[in-house]
Amino acid sequence: MNAHTKHYAGDGSHTDSYYAASANPSPERAALTGHQDIDVCIVGAGYSGLSTGLHLVEKGYKVAIIEGARVGWGASGRNGGQIVNGLNASLQTIRKRYGQDTATFVAGLVQEGGEIIRERIKTYDINCDLKEKNIFTGLTKAHMKELEERQALWKTYGIDNQEMLDKDQLRAHINSDLYEGGLIDHSGGHMHPLNLALGEAAAFEKLGGTIYEMSRVTSVDTDAAKPVVTTDGGTLTCKTLVLCGNAYLGHVVPKLTPRVMPVSTQVMATEPLGEELAKSLLPDDACVEDIRYILDYYRLSGDKRMLFGGGTVYGGSDPTDIKAKLKANMDKVFPQLKNVKIDYAWSGNFALSFSRVPQMGRIGNNTYFAHGYSGHGVTGSHTFGRILAEAIDGDLTRFDVFENVPWYPFPGGRMFRVPYSVVGSWWYGLRDKLGV
Ligand SMILES: Cc1cc2nc3c(=O)[nH]c(=O)nc-3n(C[C@H](O)[C@H](O)[C@H](O)COP(=O)(O)OP(=O)(O)OC[C@H]3O[C@@H](n4cnc5c(N)ncnc54)[C@H](O)[C@@H]3O)c2cc1C
């Protein structure tokens with residue numbers, strides 16, 4: 001087992017998170033055995049795999065998803081739950097690097113992922129504590145300028161459901177002294193991420209899809225006339241293979257390894273705060289993230305816990321004391337929570353791309369992949385799933401745009417990319433501290 005799959009427990013159980021403890025009932029699926037053959041095989045039952053699979057079965061395809069542990073075991077079942085419109089790389093950056101046409105194309109789809117999620121929740125009656133609105137906060141004047149520019153640029157693309165909040169106005173949404181102000185996006189939101197994944201899996205199966213759990217893919221042959229996937233228990237051939245293992249795929253597909261780097265981030269859940277205290281902290285129950293490079297992100301759960309996330313470890317290892325690390329950050333935002341108990345703390349890996357733009361493409365014979373949402377993948381993975389399904393169904397229009405966005409390997413190769421990136425992160429972290 002390589003470093004990226006180090007967390008697979010013997011029984012495939014989820015990390016010890018608040019989400020696992022409050023998950024909706026879900027069946028355990030059998031592992032892949034013997035030899036199977038199918039139209040489309042997808043590796044990974046996170047949002048990328050489930051979104052692709054669900055779009056395809058809706059179109060009538062025969063699809064199997066192979067998952068190394070359980071549905072939603074990866075980032076999709078343990079993330080901050082924040083439905084944030086946009087990619088990690090801003091529209092400003094995309095326009096500067098790849099030109100106006102690409103920026104216009106991306107602007108046209110930044111709200112699509114959130115719409116897909118809401119449509120899934122409604123159509124398939126998924127119970128996952130959906131709430132509306134997200135707020136980006138700024139801690140400095142420079143951050144406020146960045147937020148103003150972001151709002152102005154989004155407006156030029158016709159996206160007009162964001163509103164700047166000065167220090168006093170922000171107080172009505174976040175009861176903290178830390179911020180200069182913020183930008184509220186009325187079309188953002190948040191939800192219970194594992195329950196969303198479990199609901200999407202149930203919808204996929206209801207429409208005829210098959211999920212194999214506890215079936216870690218050990219090798220793929222993408223050059224065979226029909227791609228072949230091998231697990232410890234069996235093999236599967238397919239007309240089309242889709243690789244959605246993201247940060248946890250590790251080195252199973254060497255062609256994909258240099259494209260992304262696993263990075264860990266952590267979340268903790270307080271004890272339930274009670275209606276009154278919860279409402280005094282986040283009166284309209286929006287989710288929040290600040291715009292620093294190494295950011296805090298937080299929100300209230302359905303049962304009124306504070307779910308507080310942050311931290312970044314390049315290479316994907318876990319900090320020794322997650323609670324201590326995050327509690328210090330939470331106390332700065334909400335000193336009111338100094339004495340609350342922390343019930344859960346966990347870590348998970350996302351896949352970072354060097355440009356922070358997610359990637360999709362093709363390798364070998366009829367093998368597609370999507371990954372590298374760089375920490376903002378709840379919406380992006382849902383959009384990418386739809387675009388992959390369109391491509392497999394013969395419409396490559398949107399897929400081609402993303403496939404042609406240039407990507408760059410991390411400097412330093414497999415051995416040194418982590419130390420190099422730590423230097424980069426130290427630099428950005430220092431800028432955060434200096435407020436520049
Ligand atoms: C702690 C944390 C907080 C985050 N918070 C947010 C947030 O609030 N908002 C946001 O937009 N984004 C957030 N993200 C990022 C977001 O969760 C991810 O971008 C998104 O879930 C990626 O989905 P995915 O399906 O591509 O990958 P994953 O959800 O990681 O799924 C990949 C799946 O593939 C399986 N797999 C991998 N290799 C194999 C193999 N060899 N064989 C079989 N199966 C395999 C894994 O077991 C896993 O289940 C966060 C990420 C983390 C870790």
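Use the structure listed above.
Here the structure is a predicted model, which is why all the values come from computation and not from measurement.

(A) Broad picture of helix α2 (residues 47–58). Under the 1.5 Å per step criterion, the end-to-end length of α2 is 16 Å for 12 residues, consistent within 8% with the ideal 16 Å. Among the 12 residues that make up α2, 11 are buried, leaving the element largely enclosed by the rest of the structure. Turning to α2, its buried residues number three or more, namely Tyr47, Ser48, Gly49, Leu50, Ser51, Thr52, Gly53, Leu54, His55, Leu56 and Val57. Positive backbone phi, at 100°, marks Gly60, one or two positions downstream of α2.

(B) Highlighting the packing of α2 against helix α11 (residues 377–392). Axis separation between α2 and α11 bottoms out at 7 Å; the angle between their running directions is 40°. As summarised for this structure, α2 and α11 are arranged oblique, according to the angle between their axes. The two elements α2 and α11 meet at a crossing, and its hand is right-handed. Here α2 contributes Tyr47, Ser48, Ser51, Thr52, His55 and Leu56 to the contact with α11, which in turn contributes Gly377, Val378, Ser381, His382, Phe384, Gly385, Arg386, Leu388, Ala389 and Ile392.

(C) Here's a closer look at helix α10 (residues 322–333). For α10, spanning 12 residues, the distance from its first C-alpha to its last is 17 Å, which sits close to the expected 16 Å at 1.5 Å a residue. The complete set of buried residues in α10 reads Ile322, Leu326, Met330 and Val333. For α10, the angular spread of the buried residues around the axis is 50°, confining them to a single face. Those residues of α10 that are exposed and angled more than 90 degrees off the buried face are Ala324, Ala328, Asp331 and Lys332.

(D) Main features of the site of the ligand. Of all residues adjacent to the ligand, which total 45 residues, the nearest are Gly44, Gly46, Gly74, Gly80 and Gly377. Elements supplying a minimum of two residues to the shell around the ligand: α2, β11 (260–270), β15 (342–353) and α11. In terms of residues, the shell around the ligand owes the most to one element, α11, which gives 4 residues. Residues of the shell around the ligand, tallied by class, amount to 19 nonpolar, 23 polar and 3 charged.

(E) Representation of unusual backbone geometry. Even without being glycine, Arg356 reaches a positive phi, approximately 65°. In this fold, Arg356 is placed in the loop between β15 and β16 (359–363). The class for Arg356 is partly exposed, based on 17 C-beta atoms found within 10 Å. With phi around 60°, Asn366 is a residue other than glycine that occupies positive phi space.

(F) Looking closely at the environment of Ser301. For Ser301, the location among the structural elements is in the loop between β13 (296–300) and β14 (306–314). Each C-alpha atom of the pair Ser301 and Asp101 lies 39 Å from the other, and the pair is 200 residues apart in sequence. Residues in contact with Ser301, not counting those within four places in the same chain, are Tyr18, Ala269 and Leu307.

(G) Main features of the nonpolar core. Among the nonpolar cores identified, the biggest contains 107 residues, and Val40, Cys41, Ile66, Leu243, Met360 and Leu388 are the most heavily contacted of them. Grouped together as the second largest cluster of nonpolar side chains are 9 residues, Leu87, Leu91, Ala103 and Val110 included.

(H) The arrangement of the pairing of β11 in detail. β11 sits mainly inside the fold: 11 of its 11 residues count as buried. Here β11 shows a buried face lined by Val260, Pro262, Ser264, Gln266, Met268 and Thr270 and a second buried face lined by Met261, Val263, Thr265, Val267 and Ala269. Bridge count between β11 and β15: 11 bridges; the pairing is antiparallel. The partner of Gln266 across the bridge, within β15, is Ser347. Examined bridge by bridge, β11 and β14 share 6 bridges and lie antiparallel to one another. Within the sheet, the bridge partner assigned to Ser264 lies in β14 and is Val313.

Reading guide: rules and limits
- Per chain, residue numbering runs from 1 following the sequence as it is written.
- In keeping with the predicted nature of the model, local features appear solely for residues at pLDDT of at least 70, side-chain atom pairs appear and are counted solely at 80 or more, and the whole-chain, interface and lining totals rest on all residues.
- Starting at the N terminus, helices and strands are each numbered in turn, a helix being any DSSP run of H or I of at least four residues and a strand any DSSP run of E of at least two.
- Helix span, as expected, comes to 1.5 Å for every residue beyond the first.
- Put simply, a residue is buried when 20 or more other C-beta atoms lie within 10 Å of its own C-beta and exposed when 12 or fewer do; between those, it is partly exposed, and each C-beta is set from the backbone.
- Structural elements are reduced to axes, namely lines fitted to C-alpha atoms, with helices fitted over the stretch in contact, and the angle between N-to-C directions of any two is expressed from 0 to 180 degrees.
- Should an angle fall under 35 degrees it is called roughly parallel, over 145 degrees roughly antiparallel, and 65 to 115 degrees roughly perpendicular, with every other angle called oblique.
- If you view the pair so one helix is near and one far, a crossing is left-handed when the near helix is turned anticlockwise from the far one by less than a right angle, and right-handed when it is turned clockwise.
- Whether two residues are in contact is decided by their C-beta atoms, placed from the backbone, lying within 7 Å.
- Taken from the helix axis, the directions to the C-beta atoms give the arc we talk about.
- We call a residue near a molecule or strand when its C-beta atom, built from the backbone, sits within 6 Å of it.
- Lys, Arg, Asp and Glu make up the charged group, whereas Ala, Val, Leu, Ile, Met, Phe, Trp, Tyr, Cys and Pro make up the nonpolar group; the residues left over, Gly among them, are polar.
- In these notes, a nonpolar core means any group of buried Ala, Val, Leu, Ile, Met, Phe, Trp, Tyr and Cys residues linked to one another through C-beta atoms within 7 Å.
- Two strands are said to pair when DSSP picks up at least two bridges between them.

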